[in-house]
Amino acid sequence: MTYLEKANAAAAYIQSQISQQADTLVILGSGLGGFVEVLEEAVSIPYVQIPYFPVSTVAGHSGELVLGKVGDKWIWVMNGRFHYYEGYELGETVFPLRVLSLLGVKNLVVSNAAGGLNPDFKVGDLMLITDHIDKFPSNSLRGKDATDFGVRFPDMSEPYDLAWRNLAKEKAKSLDINLQEGTYTGVTGPSLETKAEIRYYRNLGGDAVGMSTVPEVIAANQMGMRVLGISVITNECNPTDNKLFAHEDVVEVATRSGKAMQELVKLVLETKIF
Ligand SMILES: O=P(O)(O)O[C@H]1O[C@H](CO)[C@@H](O)[C@H]1O
Ligand SMILES: Nc1nc2[nH]cnc2c(=O)[nH]1
């Protein structure tokens, strides 16, 4: 079967279980699964039940597709995402996003847990992603399959929608959230950054660093989706401090600080701007 045939089969299965349509998808990063608590009338399908879906193999990623209401708006939520370091090809990591586009998704909110490169950032801060730097050795559009979903060479001059960013900043103010802004640097991982790499990524212009998001945002832009990206800064990447890193701490901080992200995303999604 071709990639598109598999995507259509997965979409047909999902539709057979959940007939409700929704035009927005929220992808939840490490430790950010708590977002599903803001949903009303939620129904979910474990990824393992969906034909051709990958399965989450990382702690802090539940592995279920959820449909629920935020205010009066139905949305899809991926509670758990897929990473290149798990051994998936980048095209596989964006398979669920493409399946949801076949089900009518036009707007993507992507969240992640990231290390703070910007020295002004504090652990627990939210960072509105204004742009990204792609340090992956491959691309989610590599190969002929991708042209089934859009142009071969998509424009990336505004991968994170300006109107949505401005709305997020406005809503953050109303929630007294000190919303940082910056560039997300996407790297393969799973090893963490050396001090030299921290200096390198910072000199490249990165404000935060993580191991996801970029492949999804590239695929979303190719499909003409509107994208809002939010990072939870779960640890400080300090080029002189040798603070040890543990994924458990990332999940713990993300779970705690994810509450602010939940409130912000809920307010943004309840506001109709397009
Ligand atoms: O980007 P998300 O999925 O939030 O996960 C982040 O947390 C993990 C590292 O602790 C890595 O997977 C990194 O990408
Ligand atoms: N690459 C990378 N990913 C992260 N995800 C959460 N924190 C980090 C970090 O410090 N580096």
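Since the structure is predicted, the reported quantities are computational estimates derived from the model, not experimental observations.

A few points about the site of ligand 1
Move 1: Ligand 1 sits among 13 residues. The nearest are His83, Tyr85, Ala113, Ser212 and His247.
Move 2: Here His83 contributes a side-chain N or O atom positioned 2.7 Å from an oxygen atom of ligand 1.
Move 3: Contact distances for ligand 1 include 3.0 Å between an oxygen atom and a backbone N or O atom of Met211.
Move 4: In the complex, 95% of the free accessible area of ligand 1, which totals 350 Å², lies under the protein chains.
Move 5: Every element with two or more residues in the shell around ligand 1 is listed here: β5 (107-116) and α7 (247-270).
Move 6: When the residues that make up the shell around ligand 1 are grouped by side-chain class, the tally is 5 nonpolar, 7 polar and 1 charged.

Regarding the UniProt feature "binding site: a purine D-ribonucleoside" (unreviewed entry) in the protein chain
Move 1: Under the local residue numbering, the UniProt record ascribes the feature "binding site: a purine D-ribonucleoside" (unreviewed entry) to Glu193 and Asn235. Sequence-wise these annotated residues cover 43 residues; spatially they are packed, their C-alpha atoms never more than 11.9 Å apart.
Move 2: With respect to the secondary-structure elements, Glu193 resides in the loop between β7 (180-186) and α5 (195-204).
Move 3: By relative accessible area, Glu193 is classed as buried at 17%.
Move 4: If we skip the residues at most four places from it in the chain, Glu193 touches Val187, Ile198, Tyr201, Val209 and Cys237.
Move 5: As for its placement among the helices and strands, Asn235 is situated in strand β9 (residues 226-236).
Move 6: Note on Asn235: relative accessible area 16%, which makes it buried.
Move 7: Excluding anything up to four places from it in sequence, Asn235 contacts Ala114, Gly115, Gly116, Val123, Phe245 and Val250.

Some details on helix α1 (residues 3-17)
Move 1: Between the first and last C-alpha of α1 there are 21 Å, a value that for 15 residues agrees with the 21 Å anticipated at 1.5 Å per step.
Move 2: Restricting attention to buried positions, one finds in α1 the residues Tyr3, Ala7, Ala10, Ala11 and Ile14. End-on, the buried residues of α1 take up no more than an arc of 100°, which puts them together on one face.

What to know about the site of ligand 2
Move 1: Contacts to ligand 2 come from 14 residues, most closely from Ala113, Gly115, Leu192, Glu193 and Asn235.
Move 2: A distance of 2.7 Å separates a nitrogen atom of ligand 2 from a polar atom in the side chain of Asn235.
Move 3: Contact with the protein chains covers 95% of the free accessible surface of ligand 2, which is 280 Å².
Move 4: Contributing elements (two or more residues each) for the shell around ligand 2: β5, β8 (208-210) and β9.
Move 5: If one sorts the elements of the shell around ligand 2 by residue count, β5 sits on top with 3 residues.

Describing the pairing of strand β6 (residues 126-134)
Move 1: Relative to β9, β6 runs antiparallel, the two being bridged by 3 bridges. Residue pairing for β9: Met127 is matched across the bridge by Ser231.
Move 2: Looking at chain direction, β6 and β7 are connected through 7 bridges and run parallel. Across the sheet, residue Ile129 finds its bridge partner in β7, namely Gly182.

Focus: the environment of Ile14
Move 1: With respect to the helices, strands and loops of the structure, Ile14 is situated in helix α1.
Move 2: Looking at Ile14, the relative accessible area reads 0%, which means it is buried.
Move 3: On a C-alpha basis, the gap between Ile14 and Ile45 in space is 8.0 Å, while along the polypeptide they are 31 residues apart.
Move 4: For Ile14, the residues in contact, after removing those within four places along its chain, are Ile45, Ile50, Phe53, Leu65, Trp76, Val99 and Leu103.

About the thresholds
- Residues numbered from 1 in each chain as written.
- Chains lettered and ligands numbered in written order.
- Predicted model: local features only at pLDDT ≥ 70, side-chain atom pairs only at ≥ 80, totals over all residues.
- Heavy atoms only, no water.
- Near = heavy atom within 4 Å.
- Polar contact = N/O pair within 3.5 Å; in protein donor to acceptor, adjacent residues only side chain to side chain.
- Areas by Shrake-Rupley, 256 points an atom, 1.4 Å probe, with all protein chains shown as cover.
- Helix = DSSP H or I, 4+ residues; strand = E, 2+ residues; numbered from the N terminus.
- Nonpolar A, V, L, I, M, F, W, Y, C, P; charged D, E, K, R; others polar.
- UniProt positions renumbered as here; feature names shortened; annotations may be inferred.
- Buried < 20%, exposed > 50% of the residue type's maximum accessible area, 1.4 Å probe, protein only.
- Contact = heavy atoms within 4.5 Å.
- Expected span 1.5 Å × (residues − 1).
- Arc of directions from axis to C-beta.
- Pairing = 2+ DSSP bridges.

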